[in-house]
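# Residue-level structural notes
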Amino acid sequence: MKKVKISEYKVTKQIAIKDAKTFVDFDASEKAIEKELEKTRERLGELQDTLYAHGKHAVLVCLQGMDAAGKDSLIREVFKDFNARGVVVHSFKVPTDLEKKHDYLWRHYIALPARGKFGVFNRTHYENVLVTRVHPEYVLGENLPGVTSVNDIDESFWDKRFEQINNFEKTIAENGTIIFKFFLSLSKEEQKDRQLRRLRKPNKNWKFSAGDLDERDLWSDYMRCYEDILNRTSKPHAPWYIIPSDDKPTARLIVASIMLQELQQYKDIKEPELDDKTKARIDEFIARLEGE
């Protein structure tokens, strides 16, 4: 089976979205890939326990991708062996009235994982330079000073948002949050097949919205925005990884493997030791319990 090499997926230079792979052949059966994922996520689960005990780092996992890219199932399968107390998933929908009364990053700030925990953003703060860029009229709902019409939303507006997002990520990284950003690269043909399956299976109908097809018609616009996002916000402290996602099992394995390999580089993440005084009395404590 092909091994996951981080360098093949990490965005470290300018990229063209048309060159982003949507499929990679691991030269292995689906069963073999799922078995490897099982082993990888078990090791991730053990590492998460250590991270929780250590209590000095948080991990933020950001998932972005077009509709039907497989974000929900990836979360379910990759984090299956995590202790429930150590991971929190947030699925960001259309901003609420309360959220609109704050700056656009506010709802993401308050959802950040505490030290010792994993946080997963299913769709992220990047929606604010993605969906709103494809549909700039949405920005008007934020009631921003100086923005009274779409004509006020020019390139300098987006430049400022990119700067704010980069500063946001730099701040949390410098304060102990390890950031993973995964773009699930899906082909337009595979999205069509998955949307058709949603329509043909009654138990999957609830996932479909007529608006999904309207957004599909804007595929090229979204790809241009994603290309800009990947090129302008992949930083050493908050890198993007482009994950070929036409095959779900492979995509899940790549994501899990990248996280495990990267987190293993943090040699300071280890379980805290007992203080010398308590350690010296361990035999005493054991004898006390066994004598009950």
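Owing to the predicted nature of the structure, the values given are computational and were not obtained by experimental measurement.

Parameters at a glance
Residues numbered from 1 in each chain as written. Predicted model: local features only at pLDDT ≥ 70, side-chain atom pairs only at ≥ 80, totals over all residues. Heavy atoms only, no water. Pairing = 2+ DSSP bridges. Helix = DSSP H or I, 4+ residues; strand = E, 2+ residues; numbered from the N terminus. Axes fitted to C-alpha atoms, helices over the stretch in contact; angles between N-to-C directions. Contact = heavy atoms within 4.5 Å. Parallel < 35°, antiparallel > 145°, perpendicular 65-115°, else oblique. Left-handed = near helix turned anticlockwise from the far one by under 90°. Nonpolar A, V, L, I, M, F, W, Y, C, P; charged D, E, K, R; others polar. Buried < 20%, exposed > 50% of the residue type's maximum accessible area, 1.4 Å probe, protein only. Polar contact = N/O pair within 3.5 Å; in protein donor to acceptor, adjacent residues only side chain to side chain. Expected span 1.5 Å × (residues − 1). 1 Å grid on protein atoms, 1.4 Å probe; cavity = no way out; pocket = protein on both sides within 12 Å on 5 of 7 lines; lining within 4 Å. Points joined across faces, edges and corners; volume = space filled by probe spheres on them.

## Regarding the sheet that holds strand β4 (residues 177-185)
- A sheet is described by the order of its strands in space; here five strands give the open sequence β2-β3-β1-β4-β5, paired in parallel fashion. Among the strands making up the open sheet, the edge pair consists of β2 (87-91) and β5 (240-244). On average, adjacent strands in this sheet sit at an angle of 20° to one another, irrespective of strand direction.
- As judged from the five bridges shared by β4 and β5, these two strands associate in the parallel manner. Looking at the pairing, Leu184 lines up with Ile243 of β5.
- Seen against the sheet, helix α6 (residues 155-174) touches β1 (58-65) and β4 and runs at an angle of roughly 135° to β4.
- Seen against the sheet, helix α9 (residues 219-233) touches β1, β4 and β5 and runs at an angle of roughly 140° to β5.

## With respect to the packing of α6 against α9
- Running from N to C, α6 and α9 point in directions that differ by 50°, and their axes come no closer than 11 Å. With respect to α9, the element α6 is oriented oblique. Judged by the sense of rotation from one axis to the other, the crossing of α6 with α9 is right-handed. Residue-level inspection shows Asp159, Phe162, Asn166 and Glu169 of α6 in contact with α9, the latter providing Asp228, Ile229, Arg232 and Thr233.
- In terms of residue class, the contact of α6 with α9 is built from two nonpolar, two polar and four charged.

## Brief notes about the pairing of strand β3 (residues 118-122)
- For β3, a buried count of five out of five residues is recorded, marking the element as mostly surrounded by other parts of the structure.
- In β3, alternate side chains face the same way, and those of Phe118, Val120 and Asn122 on one face and Gly119 and Phe121 on the other are all buried.
- With five bridges joining them, β1 and β3 adopt parallel strand pairing. Directly across from Leu63, in β3, lies its bridge partner Asn122.
- Bridge analysis of β2 against β3 gives five bridges, and the strand direction is parallel. Pairing of Val87 across the sheet is with Phe118, part of β3.

## A short note on the side chain of Arg194
- Tracing the sequence through the fold places Arg194 in helix α7 (residues 188-200).
- A relative accessible area of 5% means that Arg194 is categorised as buried.
- Among the polar contacts listed, one links the side chain of Arg194 to the backbone oxygen of Ser245, at a separation of 2.8 Å.
- Residues contacting Arg194, with those up to four places away along its chain left out, are Ala68, Ala69, Gly70, Leu186, Ser245, Asp246, Asp247 and Lys248.

## Re helix α1 (residues 30-54)
- For α1, spanning 25 residues, the distance from its first C-alpha to its last is 35 Å, which sits close to the expected 36 Å at 1.5 Å a residue.
- Residues of α1 that are buried include every one of Ile33, Leu37, Thr40, Arg41, Leu44, Gly45, Leu47, Gln48, Thr50, Leu51 and His54, and no others.
- Against the buried residues of α1 lie β1, α2 (71-78), β3 and α10 (248-263).
- At the exit of α1 stands Gly55, carrying a positive phi of roughly 70°.

## Examining empty space enclosed by the protein
- According to the stated counting rule, one finds one cavity of 30 Å³ or more in the structure shown.
- What the largest cavity holds in volume is close to 40 Å³.
- Residue lining of the largest cavity: Ala69, Gly70, Ser73, Leu74, Leu184, Ser245, Lys248, Ala251 and Arg252, and that is the complete set.
- With three residues, α10 is the largest single contributor of residues to the lining of the largest cavity.

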